[in-house]
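# Overview (structure and organization)
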Amino acid sequence: MPIFDRRSRKEALLLVLTILAGLAAGAVLMLLTGNDPAAGYGYLFRGGLMSLERAGNTLATAAPLIFTGLSVAVAFKTGLFNIGAAGQMLIGGFCAVAVGLTADFPRPLLLAAMTAAAAVSGGVWAAAAGWFKARFNVHEVVSTIMLNWIAYWLVYYLVPAYFKGPFATESRNIPAAASLRTDWLSGLFDGSYINLGIFLAIAAVLLCAFLLQRTTLGFALKAVGFNRLAAEYAGIDAGRSIVAAMALAGALAGLGGMTLYCGYAASLQIGVLPSQGIDGIAVALLASNSPWGVLAAALFFGVLYSGKGFMNAMTSIPPEIADTIIATIIYFAATSALMEKGVDKVVKRLKGGV
Amino acid sequence: MWELVERISPYAVAFTVPLLITATGGLYSERSGVINIGLEGLMVVGSFAAALTIAALQPVMGGEALWLGLLAAVAAGALFSLLHAFASVSLHANQVISGTAINMIAGALTVFIARNVTGSGNIQVSPFARFDIPGLSDFPVVGKLLFANTYPTTWLCLLIFAAAYFVLYRTVFGLRLRACGEHPQAVASAGVDVGRIRYAAVVISGACAGLGGAIVLTTFSGEFNGTVFGLGFLALAALIFGQWKPLGILGATFFFGFASTVATSAQAIPALAYIPGVALKTFPYVLTLLVLVVFSKTTRPPRASGEPFEPGKR
């Protein structure tokens, strides 16, 4: 079993140390600002987990993060940096909302149509960046940033023009039939805003794990990421793999948009790029791009994000501490070489003592 | 029509300048071989340091506080960029990850501190006043375009940009810096410390980005709120759009500046009123994509950018 080999065990240890270091940095910040870290973390984790309702909210918060985390991870596997998950979410979410507000289908068919609309539109949006890269050598960081802003302004004008809601900055609320929230699920979690998005997200994790580890396409994507020239020499069409990877990444982010606007919320906000797009990078990094790691990392971030409101209400610690902790964890993940050296030293000393 | 251009020009220049200075900073870093995705975060840090300084000093010393704010921003940006330099140069970390972490830490930490210090995540300051440069602003054609209604920071940044051009292309340090981005092993074999040059380059990029963030604050925004509206990412795009060359960056940032300003002020312009808003707003980004599609085949980023320096590698 690969999980138990020495290398992964060390990686797991480093990951735990990274997270602990991030939490410690958060504690130091709380101390410096005159707060009690024990109380802060107590409220933070209780806010994310203490009741069924809050646990449900945590899952609802995690769902879009799972999608954007997968999106960034799949692109990373092929050597592409998808900084455009936010734009892909907007486009996917917009198309899902548009279908939900206009189509008059029975609920199962409606949800299926919305899912398809979100995945296809997000996929096409990102595939454009992949195609620019493969065909014209356009750096994907620039093209996805440009596509983010194009998505931002498209949605900014399309929503008020066709789906104007009661507030100028939002679309109309989607009808109950088009919402990912269901009575039985909300009932199960004491009225939390958990929704079907979490099941979709878990399905996506399974699909990505299968795709990357068990299929030819997955092999081609990873091969191009490892070494594009070698992959081409082995007969893999690198250009096609790049477009496919971006299309998949965009489809995942698009679905993330749907779970955000049709599950977590009930309308589409304009004038803001969804922050989950950038957070997806953090999720993917913490997970070292493994689909199951993405699930775990997104759930962890979900706890921090859904607990921060409660902590802020109970103490004077600003909610931004959650983002600071996550950001610090990512920095420690980037500098894990330092920690690795430390671990090696400790191991050596322990062994040397025998 | 000409009157229109004259009217828009000061706003476009104001929007361009922070982009230009930040992209110039990015140029140092990337030409030395260190990718700096963290420009956005470094701008936020600069904007925050300036806001704190100015908010504290403006009641005491008035307008002069703005300059001290810029100075604080430069220092804060340089200091914060050490995090990125340490990770990517000393620890051979993945530079994209480190830069992303910089962006996230900056956005979260500054608002966290702002809330603790001022009770809210926003800090207001009164920005620089615009002025006409005496004599030059009466010049025909260019006078109204470039020398009327300008901010003092604009001239400071153009000076820094010119200096950057000189440093990168006319000094030994610049030659070595550019060589570090192409073939660091060759630089090392000439007895030069690659790590030190890369550290210097990243710190300069942090100082420039910090200044860029502070200029956003002290000219057209007037308020710190934890973001710089994606300008750091746009500067990064301009850097790549401008093909990692100073004049390319100058052109790319001015293009962004003018296109965005035309889009924002379109309602006030009868000639543009017929064009749908969405077309105007997306225009700079769509055009950038098209230009990149046409020119990217021949673009080449610095050869060693993104690669940690390994002395033994050939």
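As the structure is a prediction and not an experimental result, all values here were calculated from the model. Every residue gets a number counted from 1 within its own chain, in the order that chain's sequence is written. The lettering of chains begins at A and the numbering of ligands begins at 1, in the order of writing. Under the rules for a predicted model, residues below a pLDDT of 70 receive no local features and side-chain atom pairs below 80 are neither given nor counted, while totals for whole chains, interfaces and linings still include all residues. Side-chain descriptors were evaluated using all non-hydrogen atoms of the structure, hydrogens and water having been removed beforehand.

Moving on, we come to the overall build of chain A. Think of it this way: any DSSP run of H or I at least four residues long counts as a helix, any run of E at least two long counts as a strand, and we number them from the N terminus. Looking only at helices and strands, chain A features 15 helices and zero strands. Computation of the radius of gyration draws on C-alpha atoms, with the globule rule given as 2.2 Å multiplied by the number of residues to the power 0.38. Here chain A has a C-alpha radius of gyration of 21 Å; the compact-globule value for 354 residues is 20 Å, and the two agree. Counting only C-alpha atoms, chain A reaches 75 × 60 × 35 Å along its principal axes. Partly exposed describes any residue whose relative accessible area lies between the buried limit of under 20% and the exposed limit of over 50%, with all areas from a 1.4 Å probe on protein chains only and scaled to the type maximum. The burial tally for chain A puts 55% of its 354 residues in the buried class. Long-range pairs, those at least 24 residues apart, make up 76% of the contacts in chain A with a sequence separation of at least 6. Areas reported as accessible are Shrake-Rupley estimates using a 1.4 Å probe. Residue values count occlusion only from the protein chains shown. Here chain A has roughly 15,000 Å² of accessible surface; of this, 66% comes from carbon and sulfur atoms. Within chain A, the 16 negative side-chain charges are centred at a point lying 9 Å from the centre of the 23 positive side-chain charges. Any pair of residues with heavy atoms lying within 4.5 Å of one another is described as a contacting pair. Note that His is not counted, nor are the chain ends; the positive residues are Lys and Arg, and the negative ones are Asp and Glu. Taken as the charge centre is NZ of Lys, CZ of Arg, CG of Asp or CD of Glu, depending on the residue.

Taken together, the contacts link 42 residues of chain A with 40 residues of chain B. A combined buried area of about 3,800 Å² lies between chain A and chain B, and 83% of that area is made up of carbon and sulfur atoms. Salt bridge criterion: a side-chain nitrogen from Lys or Arg within 4 Å of a carboxyl oxygen from Asp or Glu. Here chain A is connected to chain B by one salt bridge. For the salt bridge of arginine 115 of chain B with glutamate 320 of chain A, the shortest nitrogen-to-oxygen distance reads 2.8 Å. Here a polar contact is taken to be a pair of N or O atoms separated by no more than 3.5 Å, where protein atoms must pair a possible hydrogen donor with a possible acceptor and residues adjacent in sequence count only if both atoms sit in side chains. There are four residue pairs in polar contact (both at pLDDT 80 or more) connecting chain A and chain B. Listing elements by their share of the side of chain A that touches chain B, those giving two or more residues are α5 (107–136), α6 (140–162), α12 (276–286), α14 (320–334) and α15 (336–353) of chain A. For the side of chain A that touches chain B, the element with the most residues is α6 of chain A, which contributes 11 residues. The class makeup of the residues in the side of chain A that touches chain B is 31 nonpolar, seven polar and four charged. Buried area is understood as the total, over both parts, of accessible area removed when two parts are fitted together, assessed with a 1.4 Å probe. For this scheme, ten residues count as nonpolar: Ala, Val, Leu, Ile, Met, Phe, Trp, Tyr, Cys and Pro. Four count as charged, namely Asp, Glu, Lys and Arg, and the remainder, Gly too, count as polar.

Let us look at the pattern of salt bridges. Residues and elements named next belong to chain A. What the rule picks out here adds up to four salt bridges over all chains. A salt bridge links arginine 228 to glutamate 232, with the shortest nitrogen-to-oxygen separation between them at 3.8 Å. Separated by four residues within a single helix, arginine 228 and glutamate 232 lie in helix α10 (residues 228–233), roughly one turn from each other. Judged by relative accessible area, arginine 228 falls into the partly exposed class, the value being 34%. The exposure class assigned to glutamate 232 is partly exposed, which follows from its relative accessible area of 36%.

Before going further, it helps to spend a moment on the state of the cysteines. Residues and elements named next belong to chain B. Here, two cysteine sulfur atoms that lie within 2.5 Å of each other are counted as a disulfide. Throughout the structure, instances matching the rule amount to zero disulfides over all chains. This cysteine, cysteine 180, is not joined by any disulfide, and cysteine 208 carries the nearest cysteine sulfur, 18 Å off. Note on cysteine 180: relative accessible area 0%, which makes it buried.

Turning next to the packing of aromatic side chains. Pairs were defined over the aromatic rings of Phe, Tyr and Trp, the Trp ring being its six-membered one, requiring ring centres within 6.5 Å. Orientation was assigned from the angle between planes: stacked under 30 degrees, edge-to-face over 60, tilted for the rest. The final tally for this structure, using the stated rule, is 27 aromatic pairs over all chains. Three or more aromatic residues joined by ring pairs make a cluster, and in this case those are Trp149, Tyr152, Trp153, Tyr156 and Tyr157 of chain A together with Tyr285 of chain B. In this scheme, the term charge over a ring applies when either NZ of a lysine or CZ of an arginine sits within 6 Å of the ring centre and within 35 degrees of the ring normal. Positioned above the aromatic ring of tyrosine 11 of chain B, the side-chain terminus of arginine 130 of chain B is 5.0 Å from the ring centre.

This part is about the packing of α12 of chain A against α14 of chain A. All names here are of chain A. Look at α12 against α14: their axes get within 10 Å of each other, and the N-to-C directions meet at 45 degrees. As far as their axial angle goes, α14 and α12 are oblique. In this structure, α12 meets α14 at a crossing whose hand is left-handed. Across from Ala282, Leu285 and Leu286 in α12, the residues of α14 making contact are Ile326, Ile329 and Ile330. In terms of residue class, the contact of α12 with α14 is built from six nonpolar, no polar and no charged. To obtain each axis, a line is fitted to C-alpha atoms, and for helices this fit is confined to the stretch in contact; angles are then taken between N-to-C directions over 0 to 180 degrees. What sets the label is the angle itself: under 35 degrees gives roughly parallel, over 145 gives roughly antiparallel, 65 to 115 gives roughly perpendicular, and the rest give oblique. In a left-handed crossing the near helix is turned counterclockwise from the far helix by less than a right angle, and in a right-handed crossing that turn is clockwise.

Glancing now at unusual backbone geometry. A positive phi angle is found at asparagine 289 of chain A, which is not glycine, with a value near 65 degrees. Tracing the chain through its elements places asparagine 289 of chain A in the loop between α12 and α13 (291–314). On the basis of relative accessible area, asparagine 289 of chain A is assigned to the buried category, the value being 18%. The phi angle at glutamine 243 of chain B is positive, at roughly 55 degrees, despite the residue not being glycine.

With that out of the way, let us pick up α13 of chain A. One less than the number of residues in a helix, times 1.5 Å, gives the span that helix is expected to have. Compared with the 34 Å implied by 1.5 Å per residue over 24 residues, the 35 Å span of α13 of chain A between its first and last C-alpha is a close match. At lysine 308 of chain A, α13 of chain A shows its maximal kink, close to 35 degrees. Note on bend: at a given residue it equals the angle between the axes fitted to the 7 residues ending there and to the 7 starting there.

This next bit is on the confidence of the model for chain B. In the predicted model, chain B carries a mean pLDDT of 90, and 99% of its residues have values of at least 70. We note a pTM of 0.91 for the whole complex and an ipTM of 0.88 for its interfaces. Per residue, pLDDT measures the predictor's confidence, with a range of 0 to 100.

A separate point is the environment of glutamine 95 of chain B. All names here are of chain B. Assignment of secondary structure puts glutamine 95 in helix α4 (residues 95–118). Relative accessible area serves as the criterion here: at 2%, glutamine 95 is assigned to the buried category. Spatially, the C-alpha atoms of glutamine 95 and proline 270 are 47 Å apart, while their sequence positions differ by 175 residues.

Time to look at the nonpolar core. Ile66, Met114, Met146, Leu268 and Phe301 of chain A are the most contacted members of the largest nonpolar core, which has 194 residues in total. The greatest single-element share of this core, amounting to 14 residues, is contributed by helix α11 (residues 238–264) of chain A. Filtering out sequence-adjacent residues up to four positions away, phenylalanine 301 of chain A remains in contact with Leu65, Asp279, Ala282, Val283, Leu286 and Ile326 of chain A. In this structure, Ala263, Ala266, Leu272 and Leu280 of chain B belong to the second largest nonpolar core, which totals eight residues. Buried residues of nine kinds, namely Ala, Val, Leu, Ile, Met, Phe, Trp, Tyr and Cys, make up a nonpolar core once their side-chain atoms join them within 4.5 Å.

Now for a nonpolar patch on the surface. A residue counts toward a patch only above 30% relative accessible area and without a salt bridge, and it is joined to like-charged neighbours within 9 Å or, for Val, Leu, Ile, Met, Phe, Trp and Tyr, to nonpolar neighbours within 5 Å. Residues Trp2, Leu136, Phe139, Val141, Val142 and Leu146 of chain B make up a contiguous nonpolar surface patch of about 540 Å² in total accessible area. Tracing the sequence through the fold places valine 141 of chain B in the loop between β1 (123–124) and α5 (142–147).

So, about the packing of helix α10 (residues 231–241) of chain B against helix α11 (residues 246–264) of chain B. Any two packed helices are characterised by the angle at which their axes cross and by the distance between the axes. Residue and element names in this part refer to chain B. Two elements in contact, α10 and α11, have axes separated by 8 Å at closest approach and are oriented at 135 degrees. Put simply, α10 runs oblique to α11. Judged by the sense of rotation from one axis to the other, the crossing of α10 with α11 is right-handed. On α11, the residues touching Leu234, Ala238, Leu239 and Phe241 of α10 are Ile249, Ala252, Thr253, Phe255 and Phe256. Considered class by class, the residues forming the contact of α10 with α11 number eight nonpolar, one polar and no charged.

With that settled, consider the side chain of asparagine 36 of chain B. Residues and elements named next belong to chain B. By secondary structure assignment, the location of asparagine 36 is in the loop between α1 (2–31) and α2 (39–61). When its relative accessible area of 1% is taken as the criterion, asparagine 36 is described as buried. Of note is the side chain of asparagine 36, whose polar atom sits 3.0 Å from the backbone nitrogen of glycine 38. Excluding residues within four positions of it along the chain, asparagine 36 makes contact with Ser29, Glu30, Leu42, His84, Ser205 and Leu236.

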